[in-house]
Amino acid sequence: MSNSKQAVPDTLPLLRDRIDSIDSQIQMLINERARCAQKVAEVKLAEQGDESVVFYRPEREAQVLRRVMERNEGPLGNEEMAKIFRQVMSSCLALEKPMRIAFLGPEGTFTQQAALKHFGKSIISAPMAAIDEVFREVESGAANYGVVPVENSTEGVVNHTLDSFRDSRLKICGEVEERIHHHLLVSPNVNADDVTHIYSHQQSLAQCRAWLDRYWPHVERVAVSSNAEAARLAAEAGRSGRAIAAIAGEVACELYGLLKVSANIEDRPDNTTRFLIVGNEDVPPSGKDKTSLLISAKNEPGALYRLLEAFERHGVDMTRLETRPSLMSRWGYIFYIDFVGHHLDEGCSAVIEELRERASEVKVLGSYPVAVL
Ligand SMILES: C=C(O[C@@H]1C=C(C(=O)O)C=C[C@H]1O)C(=O)O
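This is a predicted model, so every value here is computed, not measured.

## Concerning the packing of helix α11 (residues 303–313) against helix α12 (residues 346–358)
At their nearest, the axes of α11 and α12 sit 9 Å apart, and the two run at 165 degrees to each other. It follows from the interaxial angle that α11 and α12 lie roughly antiparallel. Viewed along their axes, α11 and α12 form a crossing whose handedness is right-handed. Contacts from Arg306, Leu307, Ala310 and Phe311 of α11 reach α12 at Val351, Glu354, Leu355 and Arg358. Classifying every residue of the contact of α11 with α12 gives five nonpolar, no polar and three charged.

Below, the structure is given as structure tokens:
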């Protein structure tokens, strides 16, 4: 097959013939790719000779996706193209054995949306009722990886997630950022004009408050346990002819077969949540990584300054600092620090070594590829 771009025909029948022939080539190549991925798995198994060998390689997947974006010439956009390859890799990997991914449920949450964005659709979804259950599911080996929210651009950190890292040996293996878009949804049996109640999670009602005040001032707002639950209730109400709308995201909309009355109704269009992928293995460098540390420091004058000074001196770029009270000693603190680089990089490992001399505990929560999608 040649790489040169052929002229695009200009009649419908010829265009359709061309598309059919391109499709069959793409299909053949995808299967050829899948056979290579299968072979990779065979080789890994032969080298490591262990049934528990993990075929998924986060750093390699990040590199593949970055290359797709770098070499992309359009007309498809970089992100659109990377999403297609994301799914191709997901399908190839699932040929071996689909990965089981635990996430903060129920089905249809934004965390599930983040899981699908990160791993592609060919996974087994394992919705959990709480963040610590996600950790436990991965620790016990019942799930290969877990996905939990860690911070929201409007609401700040998710303390539950940070606190779970204190006692866990799990590693952070990836991050995902998701623009949070809310939609007003109804069951297909319901006429939007008849809506009497709008259900959603408290957070989402708050994130859409100005929009609701403007367009639905007289409809009662009801807070429920999650957006996904709101969507489920709206679908159930529709079946019995009650006109209840839900505010939820895309995945919940599809999952419960609802219709969008209005899309992207959040007051702040830059509303973003960051999620972490947790797993049992360390991730080797991908060339563009981030590291998260947990540091326990004594409560003495200048303690935080001495920690941060090491970053500055080694030119390591700190991207986040969160403080949580230590549970062990009153007025002791735990710091969560994110920085650019992999803990095996020279500058980064020098910083970590110095921090170990200055703090009572330094735990590397993980080095992982900077989110590609
Ligand atoms: C094929 C490999 O294994 C998996 C499948 C990949 C793919 O389909 O490109 C990439 C990384 C791994 O998750 C590999 O290690 O290269």
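Here the narrative resumes.
## Here we look at the sheet that holds strand β15 (residues 361–369)
What the four strands build is an open sheet, ordered β13-β14-β12-β15; its pairing is antiparallel. Whereas interior strands pair on both sides, the edge strands pair on one side only; in this sheet they are β13 (318–325) and β15. Averaged over neighbouring strand pairs, the angle between their axes works out to 15 degrees when direction is ignored. Contacting β12 (289–297), β14 (333–340) and β15, α12 runs over the sheet at an angle of about 160 degrees to β15.

## Considering the confidence of the model for the protein
Of all residues in the protein, 98% attain a pLDDT of 70 or more, and the chain-wide mean is 93. Both scores are given for the predicted complex: the pTM is 0.89, the ipTM 0.92.

## Regarding the UniProt feature "site: Essential for prephenate dehydratase activity" (unreviewed entry) in the protein
As recorded in UniProt, the feature "site: Essential for prephenate dehydratase activity" (unreviewed entry) lies at Thr273. A residue is classified by how many C-beta atoms lie within 10 Å of it, and threonine 273, with 21 of them, is buried. Threonine 273 has contacts with Phe110, Pro149, Asn152, Glu178 and Ile180, leaving out every residue within four places of it along the chain.

## A word on the packing of helix α2 (residues 58–71) against helix α3 (residues 78–94)
Contact geometry for α2 and α3: axes closest at 9 Å, N-to-C directions at 145 degrees. Crossing of α2 against α3: the hand is right-handed. Between α2 and α3, the residues in contact are Glu61, Val64, Leu65, Val68 and Met69 and Asn78, Met81, Ala82, Phe85, Arg86 and Met89, respectively.

## Quick word on the domain arrangement of the protein
Splitting the protein by domain gives domain 1 (56–180 + 271–282), domain 2 (183–262) and domain 3 (289–367). When each unit is reduced to the centre of its C-alpha atoms, the spacing between domain 1 and domain 3 is 25 Å. Contacts between the two partners involve 10 residues from domain 1, matched on the other side by nine residues from domain 3. Taken together, the elements giving at least two residues each to the side of domain 1 that touches domain 3 come down to α6 (159–164) and β5 (171–179). In the side of domain 1 that touches domain 3, the residues fall into five nonpolar, one polar and four charged.

## What to know about the sheet that holds strand β9 (residues 244–248)
Across the sheet, five strands lie side by side as β8-β7-β9-β6-β10; this open sheet has mixed pairing. On the outer flanks of this sheet lie β8 (220–224) and β10 (259–262), each paired with one strand and no other. Ignoring which end each strand starts from, the neighbouring axes of this sheet average 35 degrees apart. In the sheet, strand β6 (residues 183–186) pairs with β9 via three bridges, with the strands oriented antiparallel.

About the thresholds
- Here the residue numbering is sequential within each chain, running from 1 through the sequence in written order.
- The predicted origin of the model limits local features to residues at a pLDDT of at least 70 and limits the giving and counting of side-chain atom pairs to 80 or more, whereas totals for whole chains, interfaces and linings rest on all residues.
- Note on method: axes are straight lines fitted to C-alpha atoms, helices fitted across the in-contact stretch only, with angles between N-to-C directions ranging 0 to 180 degrees.
- Counting from the N terminus, the helices are the DSSP runs of H or I reaching at least four residues and the strands are the DSSP runs of E reaching at least two.
- For classification purposes, an angle smaller than 35 degrees is called roughly parallel, one larger than 145 roughly antiparallel, one from 65 to 115 roughly perpendicular, and anything else oblique.
- Take the far helix as your reference; a near helix turned counterclockwise from it by less than a right angle gives a left-handed crossing, and one turned clockwise gives a right-handed crossing.
- Residues are treated as contacting if the C-beta atoms built from their backbones sit within 7 Å of each other.
- Polarity classes work like this: nonpolar for Ala, Val, Leu, Ile, Met, Phe, Trp, Tyr, Cys and Pro, charged for Asp, Glu, Lys and Arg, and polar for all others, with Gly in that last group.
- Should DSSP find at least two bridges between two strands, the strands are regarded as paired.
- Across the chain, each position has a pLDDT score giving the predictor's confidence in that residue, from 0 to 100.
- UniProt positions are given in the numbering used here, feature names are shortened, and annotations may be inferred rather than shown by experiment.
- Each residue is classified by how many other C-beta atoms fall within 10 Å of its C-beta atom, where C-beta atoms are placed from the backbone; a count of 20 or more means buried, 12 or fewer means exposed, and values in between mean partly exposed.
- For the purposes of this description, domain bounds are those given by an automatic or database domain assignment.

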